[in-house]
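So the chains spell out like this:
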Amino acid sequence: MRPVTIAHIFPDLLNLYGDGGNLVCLKQRCAWRGIPVEVIAQRYGESLDLSQVDIVFLGGGPDREQKLASEGLLRMRDALKEYVEAEGVLLAICGGYQILGKEWLLAGESIEGLGIVDIVTKRVNRKPRRLIENIVLQSPLCPMPVVGYENHAGRTFLGEGLKPFGKVISTTGWGNNDDDKQDGVLYKNVLGTYLHGPLLGKNPQIADHLLKQASSVRTQRGLEAFELSPLDDTIEKAANEAMLKRLNVARQNITTTEPS
Ligand code: GLN
């Protein structure tokens, strides 16, 4: 079968706080199951055929790199939009998440986004406090709480009817903005979030959720699907629980039933 192909777009620009670890995690979870897998890096200036890709990854970036990356991404806008509208799986963290929206602000300057997801990112004032914290979410995508770390100046607002990735259940952390107590966005098979960490290492159910989506999209594309046999996630779950304990997330705040 054609290997599960995961593309890291602009790893030289969009790759903060261990974001690249998400690709290591996806690759390893396929390898453990004997599923052929390939991670490709699309460097700035190179082209990429998205019809050959099962999962696209956009990491976070400092303002300068994010601006450069967004120029490159704008040149790929039509292909990316087509990919997303055809249920392509896309994980976008922080700066990469912001770029998916209509616009984002850089030190007062409005930068055109891809407009693929109905979100906007603003800066609250000229010298905004950065939102830097450990954070825990309850997401409809999995029963396990999602743990991570955020560090951003932009505040993101979701358009009408869009669902967040999760609600903030820790006493620390903000997510999208100062007020909403929710983080990220879910749109088709796009998962946008402020959570670095890297996200997937401590949240294996999210990693498998993305792989499951990728498998079912392959069927729609006439490609061979792949089976996600259960893995022993004892270590990953212990890492997740260690963060819950450290952040004092009360057990009663956690839903443990499977999402409907
Ligand atoms: N530069 C963006 C901001 O500060 C995103 C930062 C990041 O990706 N961590 O809002």
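Residues numbered from 1 in each chain as written. Predicted model: local features only at pLDDT ≥ 70, side-chain atom pairs only at ≥ 80, totals over all residues. Heavy atoms only, no water.

Peer 1: Sorry if this is basic, but what is going on with the overall build of the protein here?
Peer 2: Along the protein, the regular secondary structure elements total 6 helices and 14 strands. Compactness check: the protein gives a C-alpha radius of gyration of 17 Å against a globular reference of 18 Å for 260 residues, within 12% of the reference. By principal-axis analysis of the C-alpha atoms, the protein measures approximately 50 × 45 × 30 Å. By residue count, 53% of the 260 residues in the protein fall in the buried class. Of the contacts formed within the protein by residues at least 6 apart in sequence, a portion of 72% connects residues at least 24 apart. Summed over all atoms, the accessible surface of the protein reaches about 11600 Å², with 51% contributed by carbon and sulfur. (Helix = DSSP H or I, 4+ residues; strand = E, 2+ residues; numbered from the N terminus. Rg over C-alpha atoms; globule rule 2.2 N^0.38 Å. Buried < 20%, exposed > 50% of the residue type's maximum accessible area, 1.4 Å probe, protein only. Contact = heavy atoms within 4.5 Å. Areas by Shrake-Rupley, 256 points an atom, 1.4 Å probe, with all protein chains shown as cover.)

Peer 1: Sorry, what's going on with the site of the ligand here?
Peer 2: Taken together, 16 residues lie near the ligand, and Asp63, Gln66, Cys94, Asn151 and Gly154 sit nearest. The backbone of Gly95 places a nitrogen or oxygen atom 3.0 Å from an oxygen atom of the ligand. At a separation of 3.0 Å, an oxygen atom of the ligand approaches a polar backbone atom of Ala153. In isolation the ligand has 300 Å² of accessible area, and contact with the protein removes 99% of it. If you list the elements that add at least two residues to the shell around the ligand, you get α2 (63-75), α4 (95-99) and β9 (146-152). Of the residues that constitute the shell around the ligand, the class distribution is 4 nonpolar, 9 polar and 3 charged. (Near = heavy atom within 4 Å. Polar contact = N/O pair within 3.5 Å; in protein donor to acceptor, adjacent residues only side chain to side chain. Nonpolar A, V, L, I, M, F, W, Y, C, P; charged D, E, K, R; others polar.)

Peer 1: Explain the sheet that holds strand β4 (residues 89-93) here, please?
Peer 2: Backbone hydrogen bonds are what pair the strands of a sheet, in a parallel or an antiparallel way. Here we have 6 strands laid out as an open sheet, ordered β2-β1-β3-β4-β14-β13, and mixed in their pairing. Two strands bound the open sheet, and with one partner strand each, they are β2 (37-42) and β13 (185-187). Going across the sheet, the axis of each strand differs from the next one's by a mean of 15 degrees, ignoring polarity. Pairing of strand β1 (residues 4-9) with strand β3 (residues 55-58) involves 3 bridges; the strand directions are parallel. Bridge pairing in β3 places Ala7 opposite Val56. In the packing of helix α5 (residues 204-220) onto the sheet, the strands contacted are β1, β3, β4 and β14 (190-193), and the crossing angle to β4 comes to about 150 degrees. (Pairing = 2+ DSSP bridges. Axes fitted to C-alpha atoms, helices over the stretch in contact; angles between N-to-C directions.)

Peer 1: Sorry if this is basic, but what is going on with the sheet that holds strand β7 (residues 119-122) here?
Peer 2: The strand order β6-β5-β7-β10 describes an open sheet built from 4 strands, whose pairing is mixed. Two strands bound the open sheet, and with one partner strand each, they are β6 (109-112) and β10 (155-158). Averaged over neighbouring strand pairs, the angle between their axes works out to 25 degrees when direction is ignored. Along the sheet, α2 makes contact with β5 (103-106) and β6, crossing β5 at roughly 150 degrees.

Peer 1: Just to check I follow, could you spell out the pattern of salt bridges for this structure?
Peer 2: Should the charged atoms of two oppositely charged side chains come close, the side chains can pair. Under the defined criterion, the tally for this structure stands at 14 salt bridges. Arg218 is the salt-bridge partner of Asp54, the closest N and O atoms lying 3.1 Å from each other. Of the two residues, Asp54 is situated in the loop between β2 and β3 and Arg218 in helix α5; the sequence distance between them amounts to 164 residues. Here Asp54 matches Arg218 in class, with each residue buried. Across the pair Lys188 and Glu87 runs a salt bridge whose closest N-O atoms are separated by 3.6 Å. (Salt bridge = Lys/Arg side-chain N within 4 Å of Asp/Glu carboxyl O.)

Peer 1: What is the right way to look at helix α3 (residues 77-85) in this model?
Peer 2: In an α-helix, one full turn covers 3.6 residues, which means residues spaced three or four apart are oriented alike. Within the span of α3, buried status applies to Leu80, Tyr83 and Val84. Across the axial projection of α3, the buried residues extend over an arc of 95 degrees, all falling on one side. Exposed and facing more than 90 degrees away from the buried side of α3 are Asp78 and Glu82. Glu87 sits one or two positions beyond α3 and adopts a positive phi of about 70 degrees. (Arc of directions from axis to C-beta.)

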